[in-house]
Amino acid sequence: MIIRKSAGEIEAMARAGRVVVETIGIVGEAIAPGVTTAELDELAEEHIRSQGGEPTFKGYRGFPASICASPNDMVVHGIPGSYRLAEGDVLSIDVGVTLDGLVADSAHTFGVGETDLEAQRLLEVCEGALLAGIGEAQPGNHVGDVSAAVQRTTEAAGFSVVRSLVGHGVGRSMHEEPQVPNFGEPGRGPKLVPGMTIAIEPMITAGSEEVFVADDGWSIHTRDGSLASHFEHTVAVTEAGPRILTEEPVGSLLP
Ligand code: MG
Ligand code: MG
């Protein structure tokens, strides 16, 4: 069942989204060669709790940390720990915040120091794919329009969409219906109507789309060792079009 949110719930999600944005900003500023991902997790948790929020991921199916921190060939779900960032790494940071019972979810991939041109292009294409997907989150469109836009943008650049990982409805809990794949056919899938809130999140690689789960039971890596990128926003479908709930200034529409 797809849960449509009231206007009040969407405002509450935007407040959770503001804490997500602030947290990603704080983590982003701390990212530098020599910093461990555990240190980034600590900064994130401190900020989320200082704002009255709960880190949604902590304890989710036993996940031990407040954020996911996934370097290089790790696509998503990295457990923060002793990994020390190095110049030229890329690092995906995924943050979920629950505030007043409502959830917002967003991710951003950062370069650490100077990254090579291929890595920069991968990140730009992934963020562009996210924006293309968001642009299709119009009332009357279908989930497949979002999916197809993400896929088209990614593949036109010569990169691959990971098919085994998908976006999702979000709001009253972290994972709700519908699934929002990063590949698909325009006009297919559930219809988008005002009040729907979805996390659109391209997960793409510079190589093949094949991935595997590591021995820690969480982190997902590219099988061929190629670099991965992940960008995500929580988006409300409104009468006026898509409203991004995890962007500063909160509530701005696409350019
Ligand atoms: Mg996320
Ligand atoms: Mg998500």
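Residues numbered from 1 in each chain as written. Chains lettered and ligands numbered in written order. Predicted model: local features only at pLDDT ≥ 70, side-chain atom pairs only at ≥ 80, totals over all residues. Heavy atoms only, no water.

Chemist: Looking at this model, I keep getting lost on the overall build of the protein chain. Mind explaining?
Modeler: A tally of helices and strands in the protein chain yields four helices and 15 strands. By the compact-globule yardstick of 18 Å for 255 residues, the protein chain fits well, its C-alpha radius of gyration being 17 Å. Along the first, second and third principal axes, the C-alpha atoms of the protein chain reach 45 × 40 × 35 Å. Across the 255 residues in the protein chain, those meeting the buried criterion constitute 55%. Restricting to contacts in the protein chain with at least 6 residues of sequence separation, those with at least 24 account for 69%. If you sum the accessible surface of the protein chain, you get close to 10,300 Å²; carbon and sulfur atoms cover 51% of it. (Helix = DSSP H or I, 4+ residues; strand = E, 2+ residues; numbered from the N terminus. Rg over C-alpha atoms; globule rule 2.2 N^0.38 Å. Buried < 20%, exposed > 50% of the residue type's maximum accessible area, 1.4 Å probe, protein only. Contact = heavy atoms within 4.5 Å. Areas by Shrake-Rupley, 256 points an atom, 1.4 Å probe, with all protein chains shown as cover.)

Chemist: So what exactly am I meant to see when it comes to the packing of aromatic side chains here?
Modeler: Both the distance between ring centres and the angle between the ring planes are used here to describe each pair of aromatic rings. Taken as a whole and judged by the stated rule, the model has one aromatic pair. Here Phe63 and Trp218 contribute two aromatic rings whose centre-to-centre distance is 4.9 Å and whose plane-to-plane angle is 85°, an arrangement assigned as edge-to-face. Remark: Trp218 occurs in the loop between strand 11 (211–213) and strand 12 (220–222) and Phe63 occurs in the loop between strand 1 (54–55) and strand 2 (67–71); sequence separation between them is 155 residues. (Phe/Tyr/Trp six-rings, centres within 6.5 Å; stacked < 30°, edge-to-face > 60°.)

Chemist: Explanation requested: the sheet that holds strand 3 (residues 74–76) in the structure shown.
Modeler: Adjacent strands of a sheet pair through backbone hydrogen bonds, lying either parallel or antiparallel. With antiparallel pairing, three strands are arranged side by side in an open sheet as 3-12-11. The strands lining the two open edges of the sheet, one partner per strand, are strand 3 and strand 11. Strand after strand, the sheet turns through a mean of 40° between neighbouring axes, direction not considered. Pairing geometry for strand 3 and strand 12, over two bridges, is antiparallel. Across the sheet, residue Val76 finds its bridge partner in strand 12, namely Ile220. (Pairing = 2+ DSSP bridges. Axes fitted to C-alpha atoms, helices over the stretch in contact; angles between N-to-C directions.)

Chemist: What is the right way to look at the packing of helix 3 (residues 117–135) against helix 4 (residues 143–156) in this model?
Modeler: For any two helices packed against each other, the geometry comes down to the angle between their axes and how far apart the axes lie. Between helix 3 and helix 4, the least distance of the axes is 8 Å, while the angle of their chain directions is 155°. Relative to helix 4, helix 3 is oriented roughly antiparallel. Note that helix 3 runs across helix 4; the crossing there is right-handed. Residues Val125, Gly128, Ala129, Ala132 and Gly133 of helix 3 lie in contact with helix 4, whose contacting residues are Val146, Ala149, Val150, Thr153 and Thr154. (Parallel < 35°, antiparallel > 145°, perpendicular 65-115°, else oblique. Left-handed = near helix turned anticlockwise from the far one by under 90°.)

Chemist: What should I look at first to understand the sheet that holds strand 9 (residues 197–200) in this one?
Modeler: In space, the five strands of this open sheet follow the order 8-7-9-14-15, with antiparallel pairing throughout. The open sheet is flanked by strand 8 (176–180) and strand 15 (241–244), the only strands paired with a single partner. Shown here is a sheet whose adjacent strand axes are inclined to one another by a mean of 30°, direction ignored. Looking at chain direction, strand 7 (residues 167–169) and strand 8 are connected through three bridges and run antiparallel.

Chemist: What should I look at first to understand the packing of helix 1 (residues 7–30) against helix 2 (residues 37–50) in this one?
Modeler: Packing of helix 1 against helix 2 leaves a shortest axis separation of 9 Å and a crossing angle of 150°. If you check the angle between helix 1 and helix 2, you find them roughly antiparallel. In the crossing of helix 1 with helix 2, the sense of the turn from one axis to the other is right-handed. In this structure, helix 1 contributes Val19, Glu22, Thr23, Ile26, Val27 and Ala30 to the contact, and helix 2 contributes Leu40, Leu43, Ala44, His47 and Ile48. Tallied by class, the residues present in the contact of helix 1 with helix 2 amount to eight nonpolar, two polar and one charged. (Nonpolar A, V, L, I, M, F, W, Y, C, P; charged D, E, K, R; others polar.)

In short, geometric facts, not functional conclusions.
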